[in-house]
Structure formats: structure tokens, C-alpha cells
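# Coordinate analysis (summary)
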Amino acid sequence: MDFEILDLRKIGGDEGFLVPIEENGDIPFAIKRVYYIYGTPSDVVRGRHAHKNQHQLLFCPIGQCDFILDDGREKTTLRLDSPDRGLYIKGVLWREFTNFSADCVVMVLSSECYDENDYIRNYDDFLQYTAHLSHNPQPQGNRP
Ligand code: T46
């Protein structure tokens, strides 16, 4: 599946830690947008969509939640629970996230600005889109 877990560079020790994230150095894409999600009740399921052309780094600087990733063939669940470990999503993956701790903050760094046209919000459309992609792979230059 087209994602990686990235161990982020952590500087510090007894006096606390600092995690710097620089584009094209600490993470393999240029950052166009930063947003964060907080105050989500534990049992809410967010996401329920895929992106067509976007690289993202997601992590919880505070708290935890579960991320469910789906490439149309298989699903995997990952717990985001560390300020120095990020989920790097580079492929077209359906994602849902849930089981939020009360203090959870999900931080997202994205390769693209917000564009509703980049979303696939219907699961059947997602399955059709990924089936089409597997028969017609995108040229390398099309992806960020
Ligand atoms: C993902 C998780 C972690 C904006 O106006 N600007 C933005 O940059 C974003 C991300 C959203 N919005 C608006 C669009 C919707 O009306 O905020 C509303 C909720 O957005 P969305 O459905 O994207 O929210 P989440 O929390 O379900 O998902 C987001 C990301 O889109 C998604 O890729 O992985 O955060």
C-alpha cells in the first residue's frame, strides 16, 4: 500500500524535544498547506474519502487516534500516537480516522492547497478510480 511511517528528526533530551520538519529534507515533498484537527469526539469517524493527487504527512503532536487506510483491495489500521512518528500518504488511499483521545490533535502537512475537486468522497467512485489507475498508471511527472 502506498504509505510509509516516517520517524521524524527529534532534537533534545532532558530539557524537552523539538521536531523540525523542512520540506524536501525531513519529508519528501514541498509543503503548500498545514492544518490540524482537534476537539473530535472519540467515536466520530472522519475522513471517508481519498485524494487523487496529494502527498500528506499526518501525525498527532498530542494524543492519539486510529487511521484506517484502504487501497481498494486491502485495509490496514494504524495508531497515530507519537509527536515524532508520522504517516506519509503518497498514494490514492481511502482513509477513515476514529477512536480519538480527548486531547487528540491531528496535524497534517500537505503538498497541495485545498481543492474540493481533488476529493473522491464516494466509495464506489473510489473503487472505480483505483481500478482505472491500475490499468492506466499515471506518468511519474503527474504526481507531486
Ligand atoms: C485527511 C484528514 C486527516 C477546508 O476548507 N480547507 C482545508 O484545508 C481542509 C482540509 C478542509 N476544508 C473544509 C472542507 C470541508 O467542508 O473543511 C471541511 C472538512 O474537511 P475534510 O472533509 O477534508 O475533513 P476531514 O477531517 O474528514 O479530513 C481531512 C483531510 O481532508 C484528509 O485528507 O487525511 O483530514
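Values in this document were obtained by computation on a predicted structure and should not be read as measured data. (Residues numbered from 1 in each chain as written. Predicted model: local features only at pLDDT ≥ 70, side-chain atom pairs only at ≥ 80, totals over all residues. Heavy atoms only, no water.)

## As for the site of the ligand
Counted only if it meets this: For this description, a residue counts as near a given molecule or strand if any of its non-hydrogen atoms is within 4 Å of it. Within 3.5 Å is the distance limit for a polar contact, defined as a pair of N or O atoms, with the added protein rule that one can donate a hydrogen and the other accept it, and that residues adjacent in sequence qualify only through two side-chain atoms. In short, Shrake-Rupley with a 1.4 Å probe defines the accessible areas, and a residue's cover is counted only from the protein chains shown. Runs of E in the DSSP output that reach at least two residues are strands. Runs of H or I that reach at least four are helices, and both are numbered from the N terminus.
Surrounding the ligand, one finds 16 residues, the nearest of these being Arg-33, Arg-46, Gly-47, His-51 and Tyr-119. At 2.5 Å, a side-chain N or O of Arg-33 approaches an oxygen atom of the ligand. One of the side-chain nitrogen or oxygen atoms of Tyr-119 is found 2.5 Å away from an oxygen atom of the ligand. In isolation the ligand has 660 Å² of accessible area, and contact with the protein removes 71% of it. Mapped by element, the contributors of at least two residues to the shell around the ligand are β4 (33-38), β5 (46-51), β6 (56-62) and β10 (94-98). With four residues, β5 is the single largest residue contributor to the shell around the ligand.

## Things to note about the packing of aromatic side chains
Quick note on the threshold: Centres within 6.5 Å make a pair out of two Phe, Tyr or Trp rings, where for Trp the six-membered ring is used; the pair is then stacked when the planes are under 30 degrees apart, edge-to-face when over 60, and tilted otherwise. For each residue, the accessible area found with a 1.4 Å probe, counting protein chains only, is set against the maximum for its type, and the residue is called buried under 20%, exposed over 50%, and partly exposed in between. Should the NZ of a Lys or the CZ of an Arg lie within 6 Å of a ring centre and within 35 degrees of the ring normal, that charge is described as sitting over the ring.
Counted according to the given criterion, the structure contains eight aromatic pairs. Summarising the aromatic geometry, the rings of Trp-94 and Tyr-123 are spaced 5.1 Å apart at their centres and angled 85 degrees between planes, so their arrangement reads as edge-to-face. In this pair, Trp-94 sits in strand β10 while Tyr-123 sits in helix α1 (residues 123-135), placing the two residues 29 residues apart along the sequence. Judged by its relative accessible area of 6%, Trp-94 is buried. For Tyr-123, a relative accessible area of 31% corresponds to the partly exposed category. Joined through ring pairs, the aromatic side chains of Phe-67, Phe-97 and Phe-100 make up one cluster. Positioned over the ring face of Phe-17 is Lys-10, at 4.4 Å from the centre of the ring.

## Notes on the nonpolar core
Operational definition: We define a nonpolar core as any set of buried Ala, Val, Leu, Ile, Met, Phe, Trp, Tyr and Cys residues linked to one another through side-chain atoms lying within 4.5 Å. Working rule for contacts: check all heavy atoms of both residues, and any pair within 4.5 Å makes them a contact.
The biggest cluster of nonpolar side chains holds 17 residues, and the ones touching the most others in it are Leu-58, Cys-65, Phe-67, Leu-69, Leu-87, Phe-97 and Val-106. Looking at this core, the elements that each hand over two or more residues are β6, β7 (65-70), β8 (75-80), β9 (85-89) and β11 (105-110). Here this core takes three residues from β7, the largest share from any one element. Beyond its immediate stretch of four places on either side in the chain, Cys-65 contacts Cys-60, Leu-78, Arg-79, Leu-80, Phe-97, Thr-98, Asn-99, Phe-100, Cys-104 and Val-106.

## Observations regarding the sheet that holds β7
Keep this limit in mind: At least two DSSP bridges between two strands are required for those strands to pair.
The strand order across the open sheet formed by five strands is β8-β7-β10-β5-β12, and the pairing between neighbours is antiparallel. Single-partner strands in this sheet number two, and they are β8 and β12 (119-120).

## A short note on the environment of Gly-47
Inspection of the secondary structure puts Gly-47 in strand β5. For the pair Gly-47 and Arg-121, spaced 74 residues apart in the sequence, the C-alpha separation amounts to 8.8 Å. With residues near it in sequence (within four places) discarded, Gly-47 still touches Arg-95 and Phe-97.

## So, the pattern of salt bridges
Rules: Here, a salt bridge means any side-chain nitrogen of Lys or Arg that lies within 4 Å of a carboxyl oxygen of Asp or Glu.
Evaluated as defined, the whole model comprises eight salt bridges. The closest approach of N and O atoms between Arg-79 and Asp-66, which form a salt bridge, is 2.9 Å. Residue Arg-79 is located in strand β8, and its partner Asp-66 is located in strand β7; the two are separated by 13 residues in the primary sequence. Under the relative-accessibility criterion, Asp-66 is labelled buried at 13%. A salt bridge links Arg-73 to Asp-71; its shortest N-O distance comes to 3.3 Å. Using a relative accessible area of 9% as the deciding quantity, one classes Asp-71 as buried.

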